[in-house]
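Chain residues, written in single-letter form:
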Amino acid sequence: MGSLLRFSRIAVAVVVFALFVMLFTDFGMSIPTVAVWLVHIQFLPAAMAFSLTTFVLWLIITLVFGRIYCSTACPLGIFQDICARLPRLGRVGPKWQYHYSEPFTRLRMVTLFIVVLSIILGISALSTLLDPYSIFGRFGLYVLRLLWAFVLNLWSKIDSAPQIRFAVASITGMVISFVTMVIIGAIAMRNGRTFCNTVCPVGTTLSFISRYSIFRIDINTDKCIQCRRCEHRCKSSCIDLVSHVVDTSRCVVCFDCLTDCPNDAISYTYNRHQLSIPLFQKVKGTVAGPAAGISTGRLDVSSSDDSASARTVGEDSRRPLDRRRFLTLGAVVAAVPAIAKAAQVADKIDTLEEPRNHRGLLPVTPPGTRSRREFLDRCTACGLCVDRCPQKVLQVSLKEYGLLRALHPVMNYDLSWCIYNCTLCSNLCPTGALHPLAVAEKHRSRIGLACADRDYCISYGKGVKCGACSRRCPAGAITMVSDDGGKGPYPVVDSRKCIGCGACQYVCPAKPKAIKVGGIA
């Protein structure tokens, strides 16, 4: 039975992981429906989208079966399982054996509290960096997609197929995602699911429920021969063979331990095993504790001399801060304001080069945004909309929304424009940051407003016949008119018709652009 459960878990995990990889690396834009469905059932995105059905369903599944989400539906969890398995193929030496460790309860609670508080306050930086789905999504967008394009281009040289043109969505995003996955993968190779059981907000949330799960891993102490094979196989380090207890709050239900036990002493069941010959008897009353000198649950065997000695050792072990380290730290701290000020000055200089009425324009959010605040609060920067955008007008932000909201998608109309009939990004978003749009709704949904400066228009200032912005506008919001003296023409934007698609800005040949699109506050 244990082998069947483990095989089933691995089969489901392989299919889910393959679908997620296909979703972020496919260049043919043919997205499997089940892959999109998997995105929408991710735990934290569903919670941020207020999808109560998905959220409550996972809580019920966890209450019945344990944290099976972490081993079958979470792409980052499956990635950690792959990394943990690689050094343990074949015979496993003592170096790569797992051992039971105490739970980092305080760290888990503090991390979850800070993440929840940041979401409530609208600071999405922590949820962006710690959400497991978003971490894997960025890795798929920035790293896996580029690697797959490289492989396809190598194959095209053999098959005489056309080359795939691709570009890095964001150097900063690529570095952050790559370093994050390297760290998580290295930790998984050495210590298994440490990330899931320390700082992952999803794992900590589900641990509250899995502690009381109906089905759980249980040890039959009458059969256990203390070989410790199950403990050495447990990637969650949650099997305590001293007390023969499995910490179900950390167990990810991978079933690896079931197949290693030579005496069939460990099983996945809803019954808790009871000893045929009880080793402990329940003592009524409180006489036993005080009589034994135990009042706090622990026996204090240290004397006052020992305590004084320990304090002396602790005091002697304190070392003053090294002068070189102090000076280095001081220089770094002192340099931070100077660097920030230099960046502000550089931004002001760049701004002065733009037309006066183009200064201070807000960045444009993707289609499906109901309010800028809601979009920034709910987006976890998973990169799915950026990855699937057919025009590649969606790019990854760095400081457009502020550094605390870096890696969120932003429209870059200098590179491309938003297709008038495309609603792909809004229908894919799993967190509710972008609301689904029909094509007719997209035609009426405004995400920005074009702003023209006739002094920079080559038709008005240089007498060149252009009008490209007017011809390209799909909403018919731009007309070319002349001034009272007959000079022109120059573009005039009808704010009632403009939806902010950016086609006018993209085709404008003037430098700097005579027409730009600003976001809606």
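Residues numbered from 1 in each chain as written. Predicted model: local features only at pLDDT ≥ 70, side-chain atom pairs only at ≥ 80, totals over all residues. Heavy atoms only, no water.

1. Notes on the overall build of the chain
Argument step 1. Secondary structure summary: the chain contains 23 helices and ten strands in total.
Argument step 2. Within the chain, the proportion of its 521 residues that are buried is 43%.
Argument step 3. For the chain, restricting intrachain contacts to residue pairs at least 6 apart in sequence, the fraction spanning at least 24 positions comes to 73%.
Argument step 4. Total accessible area computed for the chain in this model is approximately 28,600 Å², and 63% of it derives from carbon and sulfur atoms. (Helix = DSSP H or I, 4+ residues; strand = E, 2+ residues; numbered from the N terminus. Buried < 20%, exposed > 50% of the residue type's maximum accessible area, 1.4 Å probe, protein only. Contact = heavy atoms within 4.5 Å. Areas by Shrake-Rupley, 256 points an atom, 1.4 Å probe, with all protein chains shown as cover.)

2. Remarks on unusual backbone geometry
The general pattern is negative phi for most residues beyond glycine and trans for most peptide bonds.
Argument step 1. With an omega of -5°, the peptide bond between Lys511 and Pro512 qualifies as cis.
Argument step 2. Mapped onto the secondary structure, Pro512 falls in the loop between α23 (503-507) and β10 (515-519).

3. Thoughts on the pattern of salt bridges
Argument step 1. Per the counting criterion, the structure on display carries 16 salt bridges.
Argument step 2. With a closest N to O distance of 3.2 Å, Asp256 and Lys235 form a salt bridge. Highlighted residues: Asp256 in helix α13 (residues 256-260) and Lys235 in the loop between α12 (229-233) and β2 (239-240), separated in sequence by 21 residues. Like Asp256, the residue Lys235 is buried in the burial classification.
Argument step 3. Residues joined in a network through salt bridges with shared partners are Arg6, Arg9, Asp81, Arg193, Lys235 and Asp256. (Salt bridge = Lys/Arg side-chain N within 4 Å of Asp/Glu carboxyl O.)

4. Overview of the environment of Arg272
Argument step 1. Along the polypeptide, Arg272 turns up in the loop between β4 (266-269) and α14 (288-291).
Argument step 2. When the C-alpha positions of Arg272 and Asp218 are compared, they lie 6.4 Å apart, and in sequence the two are 54 residues distant.

5. Looking at the packing of aromatic side chains
Argument step 1. What the rule picks out here adds up to 14 aromatic pairs.
Argument step 2. Between Phe79 and Phe139, the ring centres sit 6.1 Å apart and the planes meet at 50°, which makes this aromatic pair tilted. Within this pair, whereas Phe79 is found in helix α6 (residues 75-85), its partner Phe139 is found in helix α9 (residues 132-159), the two being separated by 60 residues in sequence. Like Phe139, Phe79 is buried.
Argument step 3. When the ring centre of Trp96 is taken as origin, the NZ or CZ atom of Arg190, which lies over that ring, is 5.9 Å away. (Phe/Tyr/Trp six-rings, centres within 6.5 Å; stacked < 30°, edge-to-face > 60°. Lys NZ or Arg CZ within 6 Å of the ring centre and 35° of its normal.)

6. As for the confidence of the model for the chain
Argument step 1. Residues at a pLDDT of 70 or more form 82% of the chain, whose mean pLDDT is 83.
Argument step 2. Low confidence marks residues 286-319, where pLDDT is under 50. Its contacts with residues over four positions away, or in another chain, come to six contacts.
Argument step 3. Within the model, the stretch residues 345-353 combines pLDDT values under 50 with four contacts to residues more than four positions away or in other chains. (pLDDT = per-residue confidence, 0-100.)

7. Comments concerning the environment of Val179
Argument step 1. Looking at the element boundaries, Val179 is found in helix α10 (residues 171-191).
Argument step 2. For Val179, a relative accessible area of 40% gives the class partly exposed.
Argument step 3. In this structure the C-alpha to C-alpha distance between Val179 and Phe139, which are 40 residues apart in sequence, comes to 9.6 Å.

8. What to know about the state of the cysteines
Should the sulfur atoms of two cysteines be covalently bonded, the bond is a disulfide.
Argument step 1. Scanning all chains against the criterion turns up zero disulfides.
Argument step 2. With no disulfide partner, Cys418 has as its closest neighbouring cysteine sulfur the one in Cys422, 6.2 Å distant.
Argument step 3. Note on Cys418: relative accessible area 9%, which makes it buried. (Disulfide = S-S within 2.5 Å.)

9. Some details on helix α11 (residues 201-210)
Note that an α-helix has 3.6 residues per turn; residues three or four places apart therefore point the same way.
Argument step 1. Within α11, seven of the ten residues are buried, leaving the element largely enclosed by the surrounding structure.
Argument step 2. Buried residues of α11: Pro201, Val202, Gly203, Thr204, Leu206, Ser207 and Ser210, and no others.
Argument step 3. Here the buried face of α11 lies against α3 (43-48), α4 (52-65), α5 (68-72), α7 (105-120), α8 (125-130) and α9.

10. Concerning the nonpolar core
Argument step 1. Among the nonpolar cores identified, the biggest contains 83 residues, and Phe20, Tyr69, Leu76, Leu384 and Met411 are the most heavily contacted of them.
Argument step 2. Top element by residues in this core is α9. It accounts for eight residues.
Argument step 3. When sequence neighbours within four positions are dropped, the list of residues in contact with Met411 reads Val364, Thr365, Pro366, Pro367, Val393, Leu394, Cys418 and Ile447.
Argument step 4. Core analysis: the next-biggest nonpolar cluster, separate from the first, contains 18 residues, Ile239, Val253, Cys257 and Leu258 among them. (Core = buried A, V, L, I, M, F, W, Y, C linked by side-chain atoms within 4.5 Å.)

11. Some points on the packing of α9 against α10
Argument step 1. At their nearest, the axes of α9 and α10 sit 9 Å apart, and the two run at 110° to each other. Between α9 and α10, the crossing angle belongs to the class labelled roughly perpendicular. Between α9 and α10 lies a crossing of left-handed hand. Counting all contacts with α9, which are made through Ile135, Phe136, Arg138, Phe139, Tyr142, Val143 and Leu146, the residues of α10 involved are Gly173, Met174, Ser177, Phe178, Thr180, Met181 and Ile184.
Argument step 2. Across the contact of α9 with α10, the residue classes tally to ten nonpolar, three polar and one charged. (Axes fitted to C-alpha atoms, helices over the stretch in contact; angles between N-to-C directions. Parallel < 35°, antiparallel > 145°, perpendicular 65-115°, else oblique. Left-handed = near helix turned anticlockwise from the far one by under 90°. Nonpolar A, V, L, I, M, F, W, Y, C, P; charged D, E, K, R; others polar.)

12. Things to note about the pairing of strand β1 (residues 216-219)
Argument step 1. With burial as the criterion, each face of β1 is covered, one bearing Arg216 and Asp218 and the other bearing Ile217 and Ile219.
Argument step 2. The pairing of β1 with β4 spans four bridges and is classified as antiparallel. Bridge pairing links Ile217 to Tyr268 in β4. (Pairing = 2+ DSSP bridges.)

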